[in-house]
Amino acid sequence: MSVPDPYGAQIQDARAGHGDPLARSIPTHVTLLPPTEVPAEALPKIEEHLAAVAAAHRPFRMLLSGAGTFRPVSPVVFVRVEEGAQECRLLEADVRSGPLARELAFPYHPHVTVAHGLPDDALDQAYAQARGFRAAFMVPGFGLSRFDADEVWRPWRSYLFS
């Protein structure tokens, strides 16, 4: 789910400012399904599935507030989803079913990445800066993104909630 501007741009700028090389190639978002390679012929069923998932959910309010980290397990600093986390969990379970059913390496935890794979001092700085971040907005739906040959993630399809 996209984080709208100006908040999305603020987080992306912070990510770039911490030296994260992926900052400009990944739009600011809350992941519902980790990157999943699918054959082109499966896309019609997947799009039908995602449309049905969106139709079964309603818009909701999201509040991003404060910082968290997955260290020492993973070198990630993130902004916490304070409100809307339960809605994200329900959506994630519905998305990750049917033609997109798959096992996860880690339990699902809704968040917005601020820094990933950086040295500890940069992660510490990102954490300190993210602690003061706060944004509230309505989530009207979610999107399907694709990873292009230039290694940039781009929005591809949008699915609005009922």
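Our subject is the structure listed above.
A quick note: this is a predicted structure, and the numbers were derived from the prediction, not measured.

Cut-offs used in this document
- Residues numbered from 1 in each chain as written.
- Predicted model: local features only at pLDDT ≥ 70, side-chain atom pairs only at ≥ 80, totals over all residues.
- Heavy atoms only, no water.
- Axes fitted to C-alpha atoms, helices over the stretch in contact; angles between N-to-C directions.
- Helix = DSSP H or I, 4+ residues; strand = E, 2+ residues; numbered from the N terminus.
- Parallel < 35°, antiparallel > 145°, perpendicular 65-115°, else oblique.
- Left-handed = near helix turned anticlockwise from the far one by under 90°.
- Contact = heavy atoms within 4.5 Å.
- Nonpolar A, V, L, I, M, F, W, Y, C, P; charged D, E, K, R; others polar.
- Expected span 1.5 Å × (residues − 1).
- Buried < 20%, exposed > 50% of the residue type's maximum accessible area, 1.4 Å probe, protein only.
- Arc of directions from axis to C-beta.
- Phe/Tyr/Trp six-rings, centres within 6.5 Å; stacked < 30°, edge-to-face > 60°.
- Lys NZ or Arg CZ within 6 Å of the ring centre and 35° of its normal.
- Polar contact = N/O pair within 3.5 Å; in protein donor to acceptor, adjacent residues only side chain to side chain.

1. Considering the packing of helix α2 (residues 43-55) against helix α3 (residues 85-95)
Okay, so step 1: At a minimum axis distance of 10 Å, the contact between α2 and α3 shows a crossing angle of 150°. By the angle class used here, α2 and α3 are roughly antiparallel. Classified by chirality, the crossing of α3 by α2 is right-handed. Contacts between α2 and α3 involve His49, Leu50 and Val53 from the former and Leu91, Asp94 and Val95 from the latter.
Okay, so step 2: A per-class count over the contact of α2 with α3 returns four nonpolar, one polar and one charged.

2. Details of α2
Residues that lie three or four places apart on an α-helix share one face, since the helix turns once every 3.6 residues.
Okay, so step 1: Helix length check: α2, at 13 residues, gives a terminal C-alpha distance of 18 Å against a target of 18 Å (1.5 Å per residue), a fit within 8%.
Okay, so step 2: Those residues of α2 not exposed but buried are Ile46, His49, Leu50, Val53 and Ala54. The arc enclosing the buried residues of α2, seen along the axis, measures out at 135°, which places them on a common side. Facing away from the buried side of α2 by over 90 degrees, the exposed positions are Pro44, Lys45 and Glu48.
Okay, so step 3: Next to the buried residues of α2 lie α3, β5 (141-147) and β6 (153-160).

3. Description of the packing of aromatic side chains
Okay, so step 1: In the structure shown here, the tally under the stated rule is six aromatic pairs.
Okay, so step 2: Here the aromatic rings of Tyr7 and Phe137 are separated by 6.1 Å at their centres, their planes lie at 25°, and the arrangement is stacked. Note that Tyr7 is positioned in helix α1 (residues 7-17) and Phe137 in strand β4 (residues 134-139), a separation of 130 residues in sequence.
Okay, so step 3: What links up through ring pairs into an aromatic cluster is the set Phe60, Phe142, Tyr159 and Phe161.
Okay, so step 4: Positioned above the aromatic ring of Trp156, the side-chain terminus of Arg157 is 4.3 Å from the ring centre.

4. Structural notes on the side chain of His111
Okay, so step 1: Counting through the fold element by element, His111 comes out in strand β3 (residues 111-116).
Okay, so step 2: Within the structure, the side chain of His111 is placed 2.7 Å from the backbone oxygen of His109, a separation counted as a polar contact.
Okay, so step 3: Only 3.5 Å separates the side chain of His111 from the side chain of Thr113, close enough to count as a polar contact.
Okay, so step 4: With residues near it in sequence (within four places) discarded, His111 still touches His29, Val30, Thr31, Phe70, Phe78, Val79 and Val81.

The values reported here are purely geometric and, on their own, carry no functional implication.
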